[in-house]
Amino acid sequence: MNDTNVAARFFLSRSRCPSNIALEVEKKVYSYQSLGMEALKLASLLNNINSNSQFVGLFAYRSYAAYLGILAITSAGKAYLPFNPKFPLERIKSMIEISGCTMFIASQEFYPLIKELLQNTNEKYIFIFPEEKVLPTIGNTFKGFCQTDIDYQHAVLTEVKDIKPDDIVYLLFTSGTTGKPKGIPISHNNLNSYLDYVQKKYPVVESDRCSQAFDTTFDPSMHDIWVTWSAAATLCAIPQASLLAPAKFINEKKLTIWYSVPSIAAFLRKTRILKPNIFPLLRYSIFSGEALPADLAADWQKAAPSSSLINYYGPTEITINITDYVFKPGVTDKSLNNVIALGAVFDSHLYKIVDVNLKQLLVNETGELIISGPQVSAGYINNPLKNKESFVELDGKVWYRTGDLVKIDSEGSIFYVGRIDHQVKIRGYRVEMAEIEYVVKKISKAENAVAIPFPINNNIAEGIICFLETKKLIDIALVLSKAGNLLPDYMIPKEIIVLASLPININGKVDRNALINLLKG
Amino acid sequence: MSSEELKQYVAKKIYSKAAELGEPMVEIPDDFDLTGSGIFDSMDFMDLLVSIEDKFSIEIDLSDADPDQFTKFAGFINAIVRK
């Protein structure tokens, strides 16, 4: 077997432990043997369909088809492009347009969106419905395949397709400043480098039961899936209803590994569910995606006393995570402004903390973190302008500019200070204020729009407030509802405040601090 | 605090959020999702918890409640009043 293909990891686990449970989703369980078999059949169909589409879209979310799809697409040597039913149609259309994707694996949670998509296009798409015995009635302008087509493939693959290390395994999108999302391709080599590193440092074993809490449009989900399958362990997909308050799920499913954004821990604490020793079985408690408050980490550690608590950090462009910090309760936990340290950059990579001229800074000086190494993506697809800004050449190597301001102490621990631009994280998603401003300004026809992340507690933005500069009468409800058609829900402003003029600072720019002070009242 | 008082209070919050989004509601079904309905998301739910604690001077403890239930309109009211 060619093990350059990430999917080979699943099939190695399958030969070792065929009867282990690979996946638990929607109250059903699938062994490595059976999931592998179904994936090879679906992979064969993907290869037998005559299509030049390198990408296969996943119109499946927290369903069997989503996980089967990821395994099948990867095994077929194609790249998966996950969609989210919470995304507005416009964003989905841009993702399809930028990637040129024409083939999709779909399940029912996406049917309303697919109907809308088909009504709005002349493109001939191909849809595969692995969970349907007959084609669903969602329009008639597409070519469709269902379960029986998958079952009756004439030439079924017996192993994963050979690929080249630089071939793309998945494509994720982040928001762009002009309103167009940016596509980040991650190669098999990028992902294998990541998996090798974390599996060696924090080994997962075949008896482990791992959470799958992250949306597949957010790359920590790729950690959940591939770390679990590399170890012949069990992936437990959390249903939407349990996502916010997963305590019961963690214990009922006897999870041994938990991975989520810190917001979920904060919610459990807020509702007083997070009590000492409530999670006795957890071996690892992992957090990333947003700042981890030190007091929250301490409370979680008490709730899961036998677990190692790991704080990860990493932009999607460098494949999931690139720094790690293991929380040591009480001892000398490192934090800055009550936020746990990011820790050290993986020793498989080079890093520098630099000023605006890319000149390296000293210990304790604040600068931008730049990274070079095998996890760094080859660059945004079809976006040479953005690539020139973010992927720079230095000392004969390519470095990714994270746009994150950090500083490092004399012991080598890195601390997060803030974003270099006005990009912030909301509910784990990276949001550029400029994109919101662009959209709101356009639909309101105001002179100017300024989006402010507010309130910020423990360095986590809880929402966005948008200021509009205009002397005209604005229908705020209408602007918000139109914004809802163009932006994902986490980017929609919580409130719009209209001012006749915006405060200006000495550089002639809008004084964001004055607006924040206004909000603080 | 009676169940009816709390119900009124929560309903008012949902109506005003819905109106703000330009999608006014006339009735709130018992299974209205308080954490991801497009009208009410998880952040609104957190805000709601804080405002209920302030308004009624109570401490909300959902440790024995079923998340399938307490994230829905009627189930949420029951989970809090039961305490």
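Definitions and cut-offs
- Residues numbered from 1 in each chain as written.
- Chains lettered and ligands numbered in written order.
- Predicted model: local features only at pLDDT ≥ 70, side-chain atom pairs only at ≥ 80, totals over all residues.
- Heavy atoms only, no water.
- Buried < 20%, exposed > 50% of the residue type's maximum accessible area, 1.4 Å probe, protein only.
- Helix = DSSP H or I, 4+ residues; strand = E, 2+ residues; numbered from the N terminus.
- Pairing = 2+ DSSP bridges.
- Right-handed = clockwise from strand over helix to strand, strands pointing away.
- Axes fitted to C-alpha atoms, helices over the stretch in contact; angles between N-to-C directions.
- Left-handed = near helix turned anticlockwise from the far one by under 90°.
- Contact = heavy atoms within 4.5 Å.
- Nonpolar A, V, L, I, M, F, W, Y, C, P; charged D, E, K, R; others polar.
- Parallel < 35°, antiparallel > 145°, perpendicular 65-115°, else oblique.
- Buried area = accessible area lost by both parts, 1.4 Å probe.
- Salt bridge = Lys/Arg side-chain N within 4 Å of Asp/Glu carboxyl O.
- pLDDT = per-residue confidence, 0-100.
- Polar contact = N/O pair within 3.5 Å; in protein donor to acceptor, adjacent residues only side chain to side chain.

**Focus: the pairing of strand β6 (residues 126-129) of chain A**
Residue and element names in this part refer to chain A.
Then, in step 1: Where burial is concerned, the two faces of β6 agree: the one with Ile126 and Ile128 and the one with Phe127 and Phe129 are both buried.
Then, in step 2: The pairing of strand β5 (residues 103-106) with β6 spans three bridges and is classified as parallel. Residue pairing in the sheet places Ile105 in a bridge with Ile128 of β6.
Then, in step 3: Handedness of the crossover is the feature at issue here: the chain leaves β5, passes through helix α5 (residues 111-119), returns alongside β6, and the resulting connection is right-handed.

**Section: the packing of helix α1 (residues 7-16) of chain A against helix α8 (residues 220-230) of chain A**
Residues and elements named next belong to chain A.
Then, in step 1: Remark: α1 packs on α8, axes separated minimally by 8 Å, with the N-to-C direction vectors making an angle of 35°. By crossing handedness, the relation of α1 to α8 is classed as left-handed. Residues Ala7, Arg9, Phe10, Ser13 and Arg16 of α1 touch α8, and the partners they reach there are Trp226, Trp229 and Ser230.
Then, in step 2: Taken together, the residues of the contact of α1 with α8 break down into four nonpolar, two polar and two charged.

**A look at unusual backbone geometry**
Residues and elements named next belong to chain A.
Then, in step 1: Cis geometry is found at the peptide bond from Phe454 to Pro455, where omega equals -10°.
Then, in step 2: Phi is positive for Thr319, which is not a glycine, with a value near 60°.
Then, in step 3: The backbone of Ile320 shows a phi angle near 70°, a positive value even though the residue is not glycine.
Then, in step 4: Mapped onto the secondary structure, Ile320 falls in the loop between β14 (308-313) and β15 (323-326).
Then, in step 5: You can call Ile320 buried: its relative accessible area is 1%.

**Points about the packing of helix α3 (residues 64-75) of chain A against α8(A)**
Helix-helix packing is characterised by the crossing angle of the two axes and by the distance between the axes.
Residue and element names in this part refer to chain A.
Then, in step 1: As a packed pair, α3 and α8 sit with axes 12 Å apart at the nearest point and diverge in direction by 70°. With respect to their mutual orientation, α3 and α8 come out roughly perpendicular. For the pair α3 and α8, contact is made by Tyr67, Ile70, Leu71 and Thr74 and by Ile225, Trp226 and Trp229, respectively.
Then, in step 2: Partitioned by chemical class, the residues of the contact of α3 with α8 number six nonpolar, one polar and no charged.

**Examining the interface of chain B and chain A**
Then, in step 1: Contacts between the two partners involve 25 residues from chain B and, on the opposite side, 18 residues from chain A.
Then, in step 2: Between chain B and chain A, a total of about 2,000 Å² is buried, with carbon and sulfur atoms accounting for 59% of that surface.
Then, in step 3: Of all residues in chain B, Met43(B), Met46(B) and Pro67(B) bury the most surface against chain A, accounting for 25% of the area lost on that side.
Then, in step 4: The interface formed by chain B and chain A includes seven salt bridges.
Then, in step 5: A salt bridge links Lys494(A) to Asp47(B); the shortest N-O distance between them is 3.7 Å.
Then, in step 6: For the side of chain B that touches chain A, the secondary-structure elements that each account for two or more residues are α1 (3-20), α2 (42-56) and α3 (67-70) of chain B.
Then, in step 7: The biggest single contributor to the side of chain B that touches chain A is α2(B), with nine residues.
Then, in step 8: A breakdown of the residues in the side of chain B that touches chain A according to their chemical character gives 11 nonpolar, five polar and nine charged.

**Remarks on the environment of Leu118(A)**
Residues and elements named next belong to chain A.
Then, in step 1: Its location among the elements puts Leu118 in helix α5.
Then, in step 2: Under the relative-accessibility criterion, Leu118 is labelled buried at 7%.
Then, in step 3: Discounting chain neighbours no more than four positions away, the residues touching Leu118 are Tyr125, Phe127, Ile138, Thr141 and Phe142.

**Observations concerning the confidence of the model for chain B**
Residue and element names in this part refer to chain B.
Then, in step 1: Taken over all residues, the pLDDT of chain B has a mean of 87, while the share at 70 or more is 99%.
Then, in step 2: Averaged pLDDT values over the elements of chain B bottom out at 85 in α2 and peak at 93 in helix α4 (residues 73-81).
Then, in step 3: Here the predicted complex carries an ipTM of 0.81, next to a pTM of 0.84.

**Overview of the side chain of Asn321(A)**
Residue and element names in this part refer to chain A.
Then, in step 1: In this structure, Asn321 sits in the loop between β14 and β15.
Then, in step 2: Residue class for Asn321 comes out buried when judged on its relative accessible area of 1%.
Then, in step 3: Within the structure, the side chain of Asn321 is placed 3.0 Å from the side chain of Tyr194, a separation counted as a polar contact.
Then, in step 4: Side chain to side chain, Asn321 and Tyr259 meet in a polar contact 3.1 Å long.
Then, in step 5: Beyond its immediate stretch of four places on either side in the chain, Asn321 contacts Tyr194, His223, Tyr259, Ser288, Tyr312, Tyr313, Gly314, Phe346 and Gln375.

**Here's the deal with the sheet that holds strand β26 (residues 448-453) of chain A**
Residues and elements named next belong to chain A.
Then, in step 1: With mixed pairing, the three strands of this open sheet are ordered in space as β26-β29-β30. If you trace the sheet from one side to the other, it starts and ends with β26 and β30 (495-499), each paired once. Within the sheet, the average angular offset between the axes of one strand and its neighbour, ignoring direction, is 20°.
Then, in step 2: Relative to β30, strand β29 (residues 464-469) runs parallel, the two being bridged by five bridges.

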